[in-house]
Amino acid sequence: MFINNDVTRATAMQERHVVQPNDAGHPIILSTEGLHVFYGKKEALFEGDLQFGSNQITALIGPSGSGKSTYLRSLNRMNDRIATVTGKIMYRGVDINQPAIDVYEMRRRVGMVFQRPNPFAKSIYDNIAFALRLRGTTDKHELDEIVETSLKQAALWDQVKDDLNKSALALSGGQAQRLCIARAIAVKPDILLLDEPASALDPVSTSQLEDTLLDLKQHYTIIIVTHNMQQAARISEYTAFFNQGRVLEYDTTSQIFTNPQVQVTSDYVSGNFG
Amino acid sequence: MKTKTTQQLEQQLKRHSKAAKLEIWGRTISLTALLLIVAVVVAIIGFVASKGIATFTSNHVNLGDFLTGKSWNPNITDANGKPEVGALPMIVGSFLITILSAIVATPFAIGTAVFMNEISPNKGAKILQPVTELLVGIPSVVYGFIGLSVVVPTTRAIFGGSGFGILSGTCVLFVMILPTVTSMSADALKSVPRYYREASLALGATQWQTIYKVVLRAATPGLMTAVVFGMARAFGEALAVQMVIGNAALMPNSLVSPSSTLTSVLTTGIGNTVMGSLQNNALWSLALVLLLMSLVFNLIIRLIGRKGRLQ
């Protein structure tokens, strides 16, 4: 673990330190410009300008209430009926934070997995086929194939291939969460947003989930909110540190954990608060 | 051999403290209340059953004739010297009116519940909730009176005849059970976890698809319970129905011909008979049928609830 305990350089610390990812090799697929989120009149996110490179894992860390989940949920407009989101969310050059955007079409490209495993009270097969059927896919052969590849990508196939018609509610927490990932990738999204996906899981399931995410990186761009700093350090290329509704620091993960430029980040990653 | 300190400790621990006594008191009081209610329920069932069975034991009416006979006229004996106590018209009337009003009320109730819960929770809470609660509070005699002065003449104008009948009864009962079914449906939808909706929306489902494919499916046991509750209420409603149904103990040959239900015959007849007579016993038999049906409805609700939990 590369955790920085050197607090003697405090004088050299900056207020805010944001280095957007290098475009080379991993073109920017998603970025936000001047994003603000209000819950009623209360502003929950003051400033969130981040860029995300394709086929990379970006971790969003920060103390509770720092706005990282709010930011993540804004990215595929899950906050639509809950909060007011202003600013631009550029996805492959298109601003998806405008009324003309068909959110249902957009959410197919920007999928999401939640903190708590939330399979439907249906069979494993029907859970994964759910979104495909809504899209009008009825061909049994095609469905079978997508269910199989999705489960294989989520590293769940070997455990459930004989039980596809059993209720998804019978799965363990870790399996249920991987089912949710399989369900999200069944529609072949571009970007996968994960909101603390491992916080309800035991250490073994967590480590399996991390392996799965590292595999998925080849096909998807992953943005993950996590409370677990070791997790961020283990799997992500870039890390953004949120505090009190602002992005205080954004840089490569190794930079954030070994050489943070902002005092609060340094305190947080070294475990002095949060 | 115990030392003195352990003996003291044992004494202290074994002494009944005030808290322990209160505990016993509380348990006794609540157990008494429970036993009292059980006793009342058992007594009612026992009383109605003993009275209702008298028709078959002391008046020697055949149970089959009672349930399938089409002619209700306890004062008259037929050619074979048997009293005419065929309850089929009332049983059919009760079931018809119950099922019809449930069929009419269910779509309205579920639609309202979906609007209140899913589509516009704010307006739902501000407008629909109080309106629904208000509907529950209106006394049934008021419903009956409105039925008598508005529904019956309208039915008469459209379909001819007297206007009294199952159709008018259905119209009145539908409004009466609507709030029950609506608020119970709303509760059923409310109990569907929020993360089901989020999961569905995040997969690109529209709100309607989410409601239709996820929320309503997950709430099905609760919605069925709501409908059966509404039916139980409709089955047992007496006064309002009696005011608009026409009270003719005849097999209903159309929805607008005067007919009767178990409850309406009971309310109109029970005051005019002498305890212990055949006329009186026959009415108790009707009450027994009514009670048994209520138990069946309760049983159905419990079965649905258990099935819902297993899922």
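Chains are numbered independently. Their residues run from 1 in the order of the written sequence. As they are written, the chains are lettered A onward and the ligands numbered 1 onward, keeping that order. Reporting of local features is limited, given that this is a predicted model, to residues whose pLDDT is at least 70; pairs of side-chain atoms are given and counted only at 80 or more, and all residues count toward the totals for whole chains, interfaces and linings.

1. Remarks on the overall build of chain A
Item 1. By definition, any uninterrupted DSSP run of H or I lasting at least four residues is a helix, any uninterrupted run of E lasting at least two residues is a strand, and each is numbered from the N terminus. Within chain A one finds 10 helices and 12 strands.
Item 2. We take the radius of gyration over the C-alpha atoms and set the globule estimate at 2.2 Å times the residue count to the 0.38 power. In terms of overall size, chain A behaves like a compact globule, its C-alpha atoms giving a radius of gyration of 19 Å where 274 residues would be expected to give roughly 19 Å.
Item 3. Within chain A, the fraction of its 274 residues that count as buried is 46%.
Item 4. What counts as a contact here is a pair of residues whose C-beta atoms, placed from the backbone, lie within 7 Å. A fraction of 72% describes how many contacts in chain A between residues 6 or more apart in sequence connect residues 24 or more apart. With C-beta atoms placed from the backbone, a residue is labelled by how many other C-beta atoms lie within 10 Å of its own: buried for 20 or more, exposed for 12 or fewer, partly exposed between the two.

2. What about the sheet that holds strand 8 (residues 110–113) of chain A?
Item 1. Whether two strands pair depends on DSSP finding at least two bridges between them. Spatial ordering of the open sheet is given by 1-12-11-5-10-9-8 (chain A), a layout of seven strands whose pairing is mixed. Lying at the two open borders of the sheet, with one neighbouring strand each, are strand 1 (17–18) and strand 8 of chain A.

3. Details of the environment of V262 of chain A
Residue and element names in this part refer to chain A.
Item 1. The topology assignment puts V262 in the loop between helix 9 (253–258) and helix 10 (263–269).
Item 2. Take V262: there are 20 C-beta atoms within 10 Å of it, and that puts it in the buried class.
Item 3. Residues V262 and Q218, spaced 44 residues apart in sequence, show a C-alpha to C-alpha distance of 32 Å.
Item 4. Excluding residues that lie within four positions of it along the chain, V262 makes contacts with M13, Q14, E15, R16, H17, L248 and E249.

4. Notes on the nonpolar core
Item 1. Joined through C-beta atoms within 7 Å, a set of buried Ala, Val, Leu, Ile, Met, Phe, Trp, Tyr and Cys residues constitutes a nonpolar core. With 130 residues, the main nonpolar core has L60, A182, L192, L193 and I222 of chain A together with V172 of chain B as its most contacted residues.
Item 2. Discounting residues that sit within four places of it in the chain, I222 of chain A has contacts with I57, L192, L194, L213, L216 and K217 of chain A.
Item 3. Membership of the second largest hydrophobic core comes to 15 residues, among which are W72, A87, L283 and W284 of chain B.

5. Some thoughts on the interface of chain B and chain A
Item 1. Contacts between the two partners involve 14 residues from chain B and, on the opposite side, 18 residues from chain A.
Item 2. Contributions of two or more residues to the side of chain B that touches chain A are made by helix 8 (194–202) and helix 9 (207–236) of chain B.
Item 3. Here the side of chain B that touches chain A gets six residues from one element, more than from any other, and that element is helix 8 of chain B.
Item 4. In this classification, the charged set is Asp, Glu, Lys and Arg, the nonpolar set is Ala, Val, Leu, Ile, Met, Phe, Trp, Tyr, Cys and Pro, and all remaining amino acids, among them Gly, are polar. Split by residue class, the side of chain B that touches chain A holds nine nonpolar, four polar and one charged.

6. Quick look at the environment of T239 of chain A
All names here are of chain A.
Item 1. Here T239 lies in strand 11 (residues 238–243).
Item 2. Residue classification places T239 among the buried residues on the basis of 26 C-beta atoms within 10 Å.
Item 3. C-alpha of T239 to C-alpha of T265: the two residues are 26 residues apart in sequence and 11 Å apart in space.
Item 4. Look past the residues within four positions of T239 in its chain and what remains in contact with it is A59, I61, A232, T253 and I256.

7. Focus: the packing of helix 3 (residues 124–134) of chain A against helix 6 (residues 173–185) of chain A
Residues and elements named next belong to chain A.
Item 1. Taken N-terminus to C-terminus, the directions of helix 3 and helix 6 make an angle of 35 degrees; their axes are 7 Å apart at the nearest point. In the crossing of helix 3 with helix 6, the sense of the turn from one axis to the other is right-handed. Contacts between helix 3 and helix 6 involve I124, N127, I128 and F130 from the former and L179, A182 and R183 from the latter.
Item 2. Looking at the contact of helix 3 with helix 6 residue by residue, the classes come out as five nonpolar, one polar and one charged. To obtain each axis, a line is fitted to C-alpha atoms, and for helices this fit is confined to the stretch in contact; angles are then taken between N-to-C directions over 0 to 180 degrees. Each helix crossing is assigned a hand: it is left-handed if the near helix lies turned anticlockwise from the far helix by less than a right angle, otherwise right-handed if that turn is clockwise.

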